[in-house]
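# Close look at the chain arrangement
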Amino acid sequence: MKLTAVVALSLTAGAAFAQAIPEAQVRRRAEGLLAKMTPEEKIGQLSQMFYGIIPGMKISDDIIRQGKIGSFLMITDPVLANRLQHVAVDESRLHIPLLYGFDVIHGFHTIFPVPLAMAASWDRELIERVQGLAAREASAVGVRWTFAPMVDIARDPRWGRIVEGAGEDPYLGSKVAAAQVRGFQGPYDGAADHVLACVKHFAGYGAADGGRDYDSSWVPEDRMWNVYLPPFHAAVEAGSASLMPAYMDLNGIPATANTFLLREVLRKAWKFQGFVVSDAFSVRDLQTHGFAATPEDAAFRAFTAGVDMDMGSMTYSKQLPALLQSGKISKTELDAAVLRLLEAKIRLGLFEHPYVDVSRVATVFDMASTREAAREAGARVAVLLRNEGNVLPLAKSIQRVAVIGPLGNTDDLLGSWTLANAHEHAVTVVDGIREKLGSNARVEAAPGVQIARRYPSFFDMLLGAKPEPKWDAERVKAEFSRAVDLARNSDAVVLALGEKQQMSGEAASRSSIDLPGEQEQLLEAVAAVGKPTVLVLINGRPLNLTGAAAHVPAIVEAWYPGVEGGNSIADVLFGDANPGGKLPVTFPRSTGQIPIYYAHNLTHQPDTSAGFTSRYWDEPSSPLYPFGYGLSYTQFAFSNLRVSAPSVARGGKITVSVDVENTGQRAGDEVVQLYIHQRSGSASRPVRELKGFERVPLAAGQKRTIEFALGAEERRYWNSAKHGWVEDASKFDVWAGGDSTASPHTTFDVSE
Ligand code: GLC
């Protein structure tokens, strides 16, 4: 047997079942177990605790022995996972194994680009593959459930958690959500090297007032169904095993007890069969919302709304026994929730294989293929925003390169949600360029400025990270001039600017999207030196690049590209990778434009002089860079846009075709995007809506025809007057091209 086959076999040693267990068998086994359980043991299965990350929280093994806990999160040490599992399996009365959960958001040991970056690849296959690799690493240490994908639509870049999602568009967001669920879960729940997904945060979290994390979301009915819900529905349709409601209140009702979301939509409309876990302490915090009167009331309202498991607060553990005793919740309701958790554990094979093979962890972590995938992904998420005079790609013959900026030589490339201390240090921008150019070139770094959050990061505090000591006035001056001098004594300058990794993510919203600190001033001073200068952005949200675009000829949006980020960036800068990414979110000209997104309604006669429909008198109303935008080192041309028929009856399908050609001198990918607009009907509809995309590799000179199907599914929308889905008879505009401002246009009619 070839070595690879042997290695492959040993790597799937943790496999529980070669195929899914028949559902009838799952149900029978779960019901059989349920019948033996006491009320306390049942409630134990609905209780999850943080392990080891909450300061001062000590957890005794007795809580496991007594069956009072069914799940832990934040355990990433396989030895500890096995030890606690033995307590549950060997020493509890019914030997029910623990389910370990963790935030595997964009990698575990090997950190991949952040989710917003992965969305910028517009590459479903890559996204699925990467989340599968992350699942393999996480499951190797005993994590069998990830609190991902996060699918919250975000149209306010002040909101820190925009980095965790797929941007502003429900169609792109839905495809990304489904690809992530497939990647995490594999062919079936319990497949070897895979984990259960948990789609979150249900729903409308990204619409927080002012972009302030956790703040209220007020979302009208049609926007809920047409914008914020679709990615969740896509994840449910893709089979997500679980779901997590959001922290905030939606239209005044906390999501954790929101029966519209958890009953009307999730269970009734979507027939969701999985289980629901609250967000951290959010069952207890129903009191914080001024919604629940007491902890017992909080437990009652979350449980009866449909939250099966209480994450972290032990409110269920303390309050459900009395609620059951008093009959406020019934045995039937309790059993239904517990059954969902038992079935998930049975599908995972945890009863047959509760432990991990610690000896295989190093092998799984050290797989070169995972690092290679991280490097490939880091290049595929890059978006080329500007390349005046074809400054890029840079020549590999360059002798002296200056890497200037606070993000040129740091681990910030990893991005947020890299809590597992199992991850490796990033290949920095400096490392990557040095590796690329070899010893003939002199690659020097200078931070130039220091940037820091005004308030400490919640996660840095949790992890005990020590903030860098603040530079004194003398150091500030010295570093700035050192950076400018370095630029003067170099052949080319790579500016590495943006945000530190904890400047986006949870509890990391901002009141401005300007480059933090004095980076703009550094950029202008360095650009004024007059050397070929490229700006590489390391960030997890749209930033105000209006100034940068006025001073720097080339800009690459690299996002937080992950552990191989420096190599990925060097591959792009020196032409070994041709950037093909596209923006999954609009880049405003300034904070004042927020919210600004492409799928807006046409509310007034377009004023072409202002270049947009609504009017500011102090700056254009159009964004700096539109949704779907991204350049390449080659050029593409679109032609021959056509529909399969000039009209179609309601419910019918039409095919849209377009030719795309690589008219440049080198191979490259173009993301062909299809947009539609309904001209009239029972509601105003957005001027454009994405309804198809494909990332297409093309050799120089190659031309391909790309086809998209447009059926009722793509044309229907939720109408708030009719409180339901409608498909109007109307004339439709169709555009196809390389971004949301594409000009190739045609029309078709939908008749009664
Ligand atoms: C956090 C986040 C959620 C995460 C959970 C567990 O507060 O809101 O996304 O999965 O707690 O870490």
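Source: prediction; values computed, not measured. (Residues numbered from 1 in each chain as written. Predicted model: local features only at pLDDT ≥ 70, side-chain atom pairs only at ≥ 80, totals over all residues. Heavy atoms only, no water.)

### Structural notes on the site of the ligand
The condition that has to hold: Any residue with a non-hydrogen atom lying within 4 Å of a molecule or strand is treated as near it. N or O atoms closer than or at 3.5 Å make up a polar contact, with two conditions inside protein: a donor-capable atom paired with an acceptor-capable one, and, for residues adjacent in sequence, both atoms drawn from side chains. In this description, accessible areas are obtained by the Shrake-Rupley approach with a 1.4 Å probe, and a residue is regarded as covered only by the protein chains that are shown. Basically, the charged four are Asp, Glu, Lys and Arg, the nonpolar ten are Ala, Val, Leu, Ile, Met, Phe, Trp, Tyr, Cys and Pro, and anything else, Gly included, counts as polar.
Surveying the vicinity of the ligand reveals 14 residues, the closest of which are Asp103, Lys200, His201, Tyr247 and Asp279. In the model, an oxygen atom of the ligand is placed 2.7 Å from a nitrogen or oxygen of the Lys200 side chain. Contacts to the ligand include His201, whose side-chain N or O atom sits 2.6 Å from an oxygen atom. Here the ligand loses 96% of its free accessible area of 310 Å² to cover by the protein chains. Tallied by class, residues from the shell around the ligand come to eight nonpolar, one polar and five charged.

### Observations concerning the sheet that holds strand β3 (residues 99-102)
Basically, it comes down to this: For two strands to pair, DSSP has to find at least two bridges joining them. Secondary structure elements are defined from DSSP: runs of H or I of at least 4 residues count as helices, runs of E of at least 2 residues count as strands, and each element is numbered from the N terminus.
Within the open sheet, the five strands sit side by side as β4-β3-β2-β1-β10. Their pairing is parallel. Edge strands, defined here as strands with exactly one partner in the open sheet, are β4 (145-146) and β10 (310-311). Sheet topology note: the strand β1 (residues 47-50)/strand β2 (residues 71-73) ladder contains three bridges and is parallel. Following the sheet pairing, Met49 is matched in β2 by Phe72.

### Thoughts on the pairing of strand β6 (residues 242-245)
Quick note on the threshold: Exposure classes here rest on a 1.4 Å probe applied to the protein chains alone. A residue is buried below 20% of its type maximum, exposed above 50%, and partly exposed in between.
Across the two faces of β6 the burial is the same, with Ser242 and Met244 and Leu243 and Pro245 all buried. Note: strand β5 (residues 198-202) against β6, four bridges, orientation parallel. Each bridged residue has a counterpart across the sheet, and for Phe202 the counterpart in β6 is Pro245. Bridging between β6 and strand β9 (residues 275-276) involves two bridges; their strand directions are parallel. The partner of Leu243 across the bridge, within β9, is Val276.

### Focus: the domain arrangement of the chain
Worth spelling out the cut-off: Boundaries between domains were set according to an automatic or database domain assignment. Note on definitions: a residue-residue contact is assigned when non-hydrogen atoms from the two residues lie within 4.5 Å. What counts as buried area is the accessible surface, traced by a 1.4 Å probe, that two parts surrender upon association, with contributions from both included. Salt bridge criterion: a side-chain nitrogen from Lys or Arg within 4 Å of a carboxyl oxygen from Asp or Glu.
Taken as a whole, the chain is organised into domain 1 (372-591) and domain 2 (634-751). Every contact between the two is made by eight residues of domain 1 and, on the other side, ten residues of domain 2. At the boundary of domain 1 with domain 2, total buried surface from both sides reaches about 690 Å², with 32% on carbon and sulfur atoms. Our enumeration of links across domain 1 and domain 2 arrives at two salt bridges.

### Looking at the nonpolar core
Just so we agree on the cut-off: The criterion is simple. A nonpolar core is a set of buried Ala, Val, Leu, Ile, Met, Phe, Trp, Tyr and Cys residues joined through side-chain atoms within 4.5 Å.
Core analysis: the biggest nonpolar cluster contains 210 residues, and Phe202, Ile404, Ile433, Leu573 and Tyr625 have the highest contact counts within it. Residues lining this core come from more than one domain, with at least three contributed by each of domain 1 (372-591) and domain 2 (634-751). Look past the residues within four positions of Ile404 in its chain and what remains in contact with it is Ala446, Ala483, Leu486, Ala487, Val493, Val494, Leu495, Ala496, Leu497, Leu522 and Val526.

### Regarding the sheet that holds β6
Defined as follows: Here an angle of 0 to 180 degrees is reported between the N-to-C directions of two axes, which are lines fitted to C-alpha atoms, with helices fitted over the stretch in contact.
With respect to topology, three strands assemble into an open sheet ordered β5-β6-β9, the strand pairing being parallel. Each of the sheet's edge strands pairs with one partner strand only, and the pair in question is β5 and β9. Helix α10 (residues 230-237) contacts β5 and β6 of the sheet and is inclined by roughly 160° relative to β5.

### Concerning the side chain of Asn719
Structurally, the position occupied by Asn719 is in strand β23 (residues 717-719). Classification of Asn719 by relative accessible area gives buried; the value is 2%. Within the structure, Asn719 has its side chain in polar contact with the backbone nitrogen of Lys722 (distance 2.9 Å). Those residues in contact with Asn719 that sit more than four places away from it in its chain are Glu221, Ser682, Ala683, Gly724 and Val726.

### A short note on the packing of helix α7 (residues 124-140) against helix α8 (residues 170-185)
Counted only if it meets this: By definition, any crossing whose near helix is turned counterclockwise from its far helix by less than a right angle is left-handed, and any crossing with a clockwise turn is right-handed.
Where α7 contacts α8, the two axes come as close as 7 Å, and the packing angle between them is 35°. Of the two elements, α7 crosses α8, and the hand of that crossing is right-handed. Of the residues in α8, those touching α7 at Arg124, Ile127, Glu128, Gln131, Gly132 and Ala135 are Tyr171, Lys175, Val176, Ala179, Gln180, Arg182, Gly183 and Phe184. Of the residues belonging to the contact of α7 with α8, the class tally is six nonpolar, four polar and four charged.

### Quick notes on the packing of aromatic side chains
Test applied: Working definition: a ring pair exists when centres of Phe, Tyr or Trp rings (six-membered ring for Trp) sit within 6.5 Å. Plane angles under 30 degrees give stacked, over 60 give edge-to-face, the rest tilted. Here, a charge over a ring is recorded when the distance from Lys NZ or Arg CZ to the ring centre is within 6 Å and its angle to the ring normal is within 35 degrees.
According to the stated counting rule, one finds 25 aromatic pairs in the structure shown. Aromatic side chains Phe50 and Phe281 sit 5.5 Å apart centroid to centroid with 10° between the ring planes, which places their arrangement in the stacked category. Of this pair, Phe50 sits in strand β1 while Phe281 sits in the loop between β9 and α12 (295-305); the two residues are 231 residues apart in sequence, bridging distant segments of the chain. Residues Phe50 and Phe281 agree in their burial class; the two are buried. An aromatic cluster of at least three residues, connected via ring pairs, comprises Trp122, Tyr171, Tyr598, Phe627, Tyr675 and Phe693. Its guanidinium or amino end placed over the ring of Phe693, Arg124 lies 4.1 Å from that ring's centre, counting from NZ or CZ. The aromatic ring of Trp735 is capped on one face by Arg688, whose charged end is 3.9 Å from the ring centroid.

### Observations regarding the pattern of salt bridges
Taken as a whole, this structure holds 50 salt bridges when the rule is applied. For Asp335, the salt bridge identified is with Lys331, shortest N-O distance 2.6 Å. Of the two residues, Asp335 and Lys331 are both situated in helix α14 (residues 331-347); the distance of four residues between them amounts to about one turn of the helix. For Asp335, a relative accessible area of 11% corresponds to the buried category. Lys331 sits in the exposed class, given a relative accessible area of 53%. Residue Glu670 is joined to Lys582 by a salt bridge in which the shortest nitrogen-to-oxygen separation is 2.8 Å. Of this pair, Glu670 sits in strand β20 (residues 668-678) while Lys582 sits in the loop between α22 (565-573) and β17 (636-643), placing them 88 residues apart in sequence.

### Re the side chain of Gln48
With respect to the helices and strands, Gln48 occurs in strand β1. Engagement of the side chain of Gln48 in a polar contact is seen with the side chain of Ser71, the distance being 3.0 Å. Setting aside residues no more than four positions away along its own chain, Gln48 makes contact with Ile69, Ser71, Phe72, Leu73, Trp145, Phe147, Val277, Met309, Asp310, Met311, Gly312 and Met314.

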